[in-house]
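# Secondary and tertiary structure notes
Here is what each chain is made of, one letter per residue.
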Amino acid sequence: MEFIGHILIFPFPIQGHVNSMLKLAHLFDLSNFHVTFSVPSNIHARLLAHTDVNSGRFSPRFRLQSFPAGIYEGAIDSKEGFMELCDSLNRIAKPFLRECIAQKRNFSLPFTAFISDFQLSIALDVVGEECFNLPVYYFRTISACGFWAYFSLPDLFEAGELPIKENGIDSSPITKIKGMEDFLRVRDLPPFCRDEDLAVLFYTETRLAVHARGLILNTFEDLEGPILSQIRTKCPKVYTLGPLHAHLKATLASKSTHSNSLRQEDETCMAWLDSQEPKSVIYVSFGSISVITRQQLMELWYGLVNSGKKFLWVMRSDLVAGKDEETPIPLELEEGTKANGYIVGWAPQEAVLDHPAVGGFLTHSGWNSTLESIAAGVPMICWPFFADQQMNSRFVGEVWKLGLDMKDVCDRSSVEKLIRELMEKRKGEFLERAENMGKLAKQAISEGGSSYCNFDCLIQDIIKVNEDMRKPLKNVLAS
Ligand code: UDP
């Protein structure tokens, strides 16, 4: 088969990022590209342990590659942990990637594109310092609204809307993010805006997007069109390819997906869902990183049980901070859970959201979870933690009206009230809107749809830029 290109993919090494970038890698693999997917050794080991990434899913053109040891593997729900991870990627991944590109350069499968996640500075430095002549594409796995907010942060500092000084719930308006002037409040901004170092790190990396050959986003035009128009004023080449999980499923013409889980999925919940009434279950999951206090756990639990609704809850082993194993669970919660609930440590989430019994999703508004819910036509209750989650939940509640934004509160009566509202009082209204948006998501990834066509455009761009880059060399050789 003719060589059409070799793509180096460098995801930020956490579940949500690895998941969507691996889906993109799979789409490239199905389009006959060679793909090298570079991750730290712990992620490498977990992918091998919990997925079929190295056993038949991909063609032999796909290669999963591990960085040398030493990349930070601890928790990243604190500033220190997050900075430590970024630093270690700079120290270890950057020289490794440089070496890797240099080595391949003179052999039969040279890299022809570099797709980088969050830390674009690494990719641009590596390519720029060595004059590698390799186009760099920026793939942000967050929402377009999150991306645009990060990009706009310097304008907020300049206008005095940042930094945020006080703690607590602040509903004052934010007016300096174009396209969001009418509905954005301080409490909808990413929490890192309270820390100037982090805010600078996030907007500096994000603004480097203008130096990339193109920006790839896991979203679709019908969902985030107005914000995408704003982004295109700064980055003209934006390729929206999402929802990627649905895009991949459609390309594979398959109902099921390959899991990209870094944890063992508990499939038993699917049989439990099979025994439930249509649209009767609220699925509860806060993604792969978020941590809650024991008090929040109890409030959520009481809210769920008191709502009287059926619930499927992902209670990760590391969900609760400083979990006190000895503290007994109150009898009424145990009994309520036995009657109406099912708890797992990690679920096959895409399949859960696609199950006919699921009628609502209590989510932390991580972007993958949000898109998976949208594609499945499932309304949401949003309880965001960090990064773009606060923005996503505002858009879910206020712009797309696909659910309710619980943000900043977590007491048992609010949880109960919101569940009843979503699953009972306003059920029809939310389901109708969510199902309509789900249809638009499916159209986007179907033949002729925006995400489908954008993927073709991206492929053509990668092929063309390499032809253009090689032209002068060919001309010299020919003369
Ligand atoms: N996920 C899963 N099983 C679970 C919980 C989450 O497979 O029990 C997957 C979910 O489908 C999503 C990813 O983990 O693709 C979480 O990504 P997201 O962006 O929503 O949140 P993050 O983990 O990055 O905070």
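This text follows the structure it describes.
Residues numbered from 1 in each chain as written. Predicted model: local features only at pLDDT ≥ 70, side-chain atom pairs only at ≥ 80, totals over all residues. Heavy atoms only, no water.

### Some thoughts on the packing of helix H10 (residues 294-307) against helix H11 (residues 331-340)
At a closest axis distance of 10 Å, the pairing of H10 and H11 adopts a crossing angle of 50 degrees. If you check the angle between H10 and H11, you find them oblique. When you trace H10 past H11, the crossing you get is left-handed. Contact residues: Met298, Trp301, Tyr302 and Val305 in H10; Glu332, Leu333, Gly336 and Thr337 in H11. (Axes fitted to C-alpha atoms, helices over the stretch in contact; angles between N-to-C directions. Helix = DSSP H or I, 4+ residues; strand = E, 2+ residues; numbered from the N terminus. Parallel < 35°, antiparallel > 145°, perpendicular 65-115°, else oblique. Left-handed = near helix turned anticlockwise from the far one by under 90°. Contact = heavy atoms within 4.5 Å.)

### Notes on the site of the ligand
Taken together, 19 residues lie around the ligand, and Asn19, Ser288, Ala347, Ser369 and Glu372 are the ones closest in. Between Gln349 and the ligand, the recorded distance is 3.3 Å, taken from a side-chain N or O atom to an oxygen atom. For the ligand, an oxygen atom lies 2.9 Å from a polar atom in the side chain of Asn368. When the ligand is considered free in solution it has 540 Å² of accessible area, and contact with the protein chains removes 95% of it. Within the residue set of the shell around the ligand, elements represented by two or more residues are helix H1 (15-30), strand S8 (281-285) and helix H13 (367-376). If one sorts the elements of the shell around the ligand by residue count, H13 sits on top with four residues. (Near = heavy atom within 4 Å. Polar contact = N/O pair within 3.5 Å; in protein donor to acceptor, adjacent residues only side chain to side chain. Areas by Shrake-Rupley, 256 points an atom, 1.4 Å probe, with all protein chains shown as cover.)

### Quick word on the sheet that holds strand S4 (residues 113-116)
Across the sheet, seven strands lie side by side as S3-S2-S1-S4-S5-S6-S7; this open sheet has parallel pairing. Where the open sheet ends on each side, the last strands, each with one partner, are strand S3 (62-66) and strand S7 (238-240). Within the sheet, the average angular offset between the axes of one strand and its neighbour, ignoring direction, is 20 degrees. Running over the sheet, helix H3 (residues 79-105) touches strand S1 (6-10), strand S2 (34-39), S3 and S4 and is turned about 175 degrees from S1. (Pairing = 2+ DSSP bridges.)

Structural measurements only, silent on function.
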